[in-house]
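The primary structure of each chain is shown beneath.
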Amino acid sequence: MNPTPASEYDDNEILNPSSNPHIDGILAVRLSRRGALRGGVGAATAALLGGAGLSACGGSDGGDASPPAPAPAGFNFAAVAKTNADQVTVPEGYQISILHALGDPMQFGDASWRDDGSETAESYQRRIGDGHDGMVFFGLADDGTFDAARSNRGLLCVNHEYVVAPYGLHPAGSTRVGGKRPAGEVDKEIFAHGASVVEVRRKAGGNDMEMVRGSRYNRRVHSATPMDVGGPAAGSARLVTRLSPDGREAFGMNNNCACGYTPWGTYLTCEENYLNVLGRAAGDDARRGAEDIAAFKRYGLPEGRANPYGWDTPEGEPYPRWNSQASGAAPADDYRNIFNSFGWVVEIDPFRPDSKPVKRSALGRFNHEGAWPAPARAGEPIVIYSGDDARNEYVYKFVSDAQWDPRDINGGTAAGAKYLDQGTLYVAKFNDDGTGEWLELAHGQHGLDASNPVYPFADQADVVMFCRLAADFRGATKMDRPEWGGVNPLNHEVYMTMTNNSQRTAASLDAANPRVGNANGHIVRWREDGSQAATKFHWDVFLFGAREDGAQSENLSGLTAANDFSSPDGLYFDQRSAGGGLLWIQTDDGAYTDVTNCMMLAALPGQVGDGGTLTTKDGQPTRMGAKPTDATVRRFLVGPFDCEITGVTVTPDGKTLFFNVQHPGEDTADFATSTFTSHWPGSQAPAGDTAHAGHKRPRSATVVVTRADGGTIGI
Ligand code: FEO
Ligand code: CA
Ligand code: CA
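The text that follows walks through the structure, step by step, so that each part is easy to find. Because the structure is a prediction, the values reported are computed rather than measured. (Residues numbered from 1 in each chain as written. Chains lettered and ligands numbered in written order. Predicted model: local features only at pLDDT ≥ 70, side-chain atom pairs only at ≥ 80, totals over all residues. Heavy atoms only, no water.)

### Here's the deal with the pattern of salt bridges
As a working rule, side chains carrying opposite charge can pair if their charged atoms are close by. Throughout the structure, instances matching the rule amount to 47 salt bridges. One salt bridge in this structure joins R153 and D142, with 3.8 Å as the shortest N-O distance. With a gap of eleven residues between them, R153 in strand β3 (residues 153-160) and D142 in the loop between β2 (132-139) and β3 connect regions that are remote in the sequence. Here D462 ties to R238 by a salt bridge, and the two come within 3.1 Å at their closest N and O atoms. In this pair, D462 sits in helix α5 (residues 460-465) while R238 sits in the loop between β7 (226-230) and β8 (249-251), placing the two residues 224 residues apart along the sequence. (Salt bridge = Lys/Arg side-chain N within 4 Å of Asp/Glu carboxyl O. Helix = DSSP H or I, 4+ residues; strand = E, 2+ residues; numbered from the N terminus.)

Take a look at the structure:
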């Protein structure tokens, strides 16, 4: 979500006080490179310096070259124009339907959305949640198992990141009585967070899909669902609470933003802005050790900070757990450690509706945007990339100890324990010369032990739980808010969006974050030097976001009316079995919204090193891929007003695409008078869609895109 209302936790707050890395040693390197470029090629302008011999960062200078990617076929649609219309605009020949929206009942027995907030809190355990975000389609075989090749029947897992405003859930918005939230409102919000799993099937005669209401697979996982903890943090004293005296269970997942999937057929859903639902009492520091206070500071929960949602304000249990204060005699008597139970990757087995989700702690704890796997190869480790979405935070990679065995497909969370509970966590360092390295975060190695001056890491549980602090010490590169990532199935290069960073100053520029103020964001990509588990890589910038006139950020990629965009967030390599390598890019923007609503673009990327070097107008040398053209990056759709476009998944045959509209009407003017800035999806749903047509309250929703002629999407 972006931007965050003033009353909520600012997910863009800078919490990284460390001085690594560019301010120290790298500054001299940058200055010398800048001087060399100025002297050698007169790079006073920001023009891309393409062509042979000009510092190409491709395979010849140290990395193993990727195999050239076979060129996918061209786009099969005309670019959609920028628009502020309160509807989803798709190319000619394409059509949409609404799969599900906030509040839609997943089972029989609950009434349809009434558009007045009168649904009970209890019923939200069986209704679609709010704030649709990351999602994954899993093919469902007739015998109830995962079938990666099936397109006409599947399980769709969707994250419900947060409750918007929350104007849709309650009769009169979020209320307080004497400073306290009504318990019924809080309960409804708790159940509206998390994720949903629903069965979907193709409708007769086409590729459009519908939710199978009443399916045995339909399930909600929310902010009160019991979960296990797996990996190094399981059993840690820092996870002991009144609800979990052995530190091996957690209760609920929060603010699940983006996601991932495993080759064995489970869903990975990631806790991002969990500080939205936590407070910490004034005076709590006096009951804490120095290491607790250091961790709270680095992760952004100072004493005396009110719970933004007020979930800790209703009287009595279970509400005190939403305040991470030491109120009892010992950790098992209170919820002082509840803070440590959020910020993880959660694994859910959608094929076993009764299975218990597991927090996979080996992948680290931070504002976890998502978890993106490299294609699994038999006999090689599972590799998962992730990013910490806050200003000046880091990019991470997890490499499993176990080697992939395809016989584990359909192994559920038992397979998850095999591959995700033991492995190596790394953090990325992007060097200015286009190389990079993965810095290991392992207890007892590289000074990550109890004598560490940043944090006294007693064990690997401490390292993964406070990996921001471990990464500070190792000298990771501070990035411009890492959001979604993806691995190109054609050449295994990795892409990750850096959405924007208003706090990127001239003094903190580096080659991978080269624009002051970075209003429009960029997309970094890298190629591992050797196998996916390698500890070195080569990188460049695939695209720089900008208005076509460069009015905010310099238009370094030469974007045009057909493909200009701002604040890339969602990013997804289409996994269709034929025509792979199609990259989808989505925006969550507040900078270009005077001209256009948020959007989704299609891209046919090349590879690291296919461009060259340049110097930004801020004087920072950087490395950029080949400039895009209308044939390689093109706007595919534009969403309704005041929304974010996020979450995208495509069936294996490429004929059905799902995407999410989150928080339409987010900047709604006046709840009391129902003055919403958007009435979507009610404004667009056809009359026959009685679950959505004509309703006034804006709602987050999943949209199905198909081609009227039954063809494939995009290419
Ligand atoms: Fe929930 Fe970083 O977006
Ligand atoms: Ca996001
Ligand atoms: Ca965002």
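### Focus on the coordination of the calcium ion (ligand 2)
Only E369 (OE), E483 (OE), D569 (OD) and D569 (OD) from the protein coordinate the calcium ion (ligand 2), and they sit 2.4 to 2.7 Å from it. Each donor residue of the calcium ion (ligand 2) lies on the same chain, and together they follow the pattern E-x113-E-x85-D. Between the calcium ion (ligand 2) and the calcium ion (ligand 3), the interatomic distance is 3.9 Å, and E483 donates to each metal, bridging them. On the criterion of sequence distance, the pair formed by E369 in the loop between β12 (358-360) and β13 (372-373) and E483 in strand β20 (residues 482-487) is long-range, its members being 114 residues apart. In this structure E483 comes out as buried when scored by relative accessible area, which is 2%. (Donors = N, O, S within 2.8 Å, 3.2 Å for Na, K, Ca; no water. Buried < 20%, exposed > 50% of the residue type's maximum accessible area, 1.4 Å probe, protein only.)

### Side note on the coordination of the calcium ion (ligand 3)
Put simply, a metal with four donors set out as a tetrahedron has ideal angles of 109.5 degrees, and one with six donors set out as an octahedron has ideal angles of 90 or 180 degrees. Protein coordination at the calcium ion (ligand 3) comes from E483 (OE), D569 (OD) and D588 (OD), with a distance range of 2.4 Å. Each donor residue of the calcium ion (ligand 3) lies on the same chain, and together they follow the pattern E-x85-D-x18-D.

### Comments concerning the packing of aromatic side chains
Under the defined criterion, the tally for this structure stands at 33 aromatic pairs. Look at W404 and Y419: their rings are 5.3 Å apart centre to centre, the planes differ by 55°, and that puts the pair in the tilted class. With W404 in the loop between β16 (395-403) and α4 (412-420) and Y419 in helix α4, the pair connects residues that are 15 residues apart, well separated along the chain. Residue class for W404 comes out buried when judged on its relative accessible area of 7%. Note on Y419: relative accessible area 0%, which makes it buried. Centre to centre, the rings of Y495 and F573 are 5.2 Å apart; their planes meet at 75°, and the pair counts as edge-to-face. Separated by 78 residues along the polypeptide, Y495 in strand β21 (residues 494-498) and F573 in strand β24 (residues 568-573) bring together distant segments of the chain. By the burial criterion, Y495 is buried, and F573 matches it. Connected via pairs of aromatic rings, a cluster forms that spans Y274, F296, Y299, F339, Y455, F457 and F466. (Phe/Tyr/Trp six-rings, centres within 6.5 Å; stacked < 30°, edge-to-face > 60°.)

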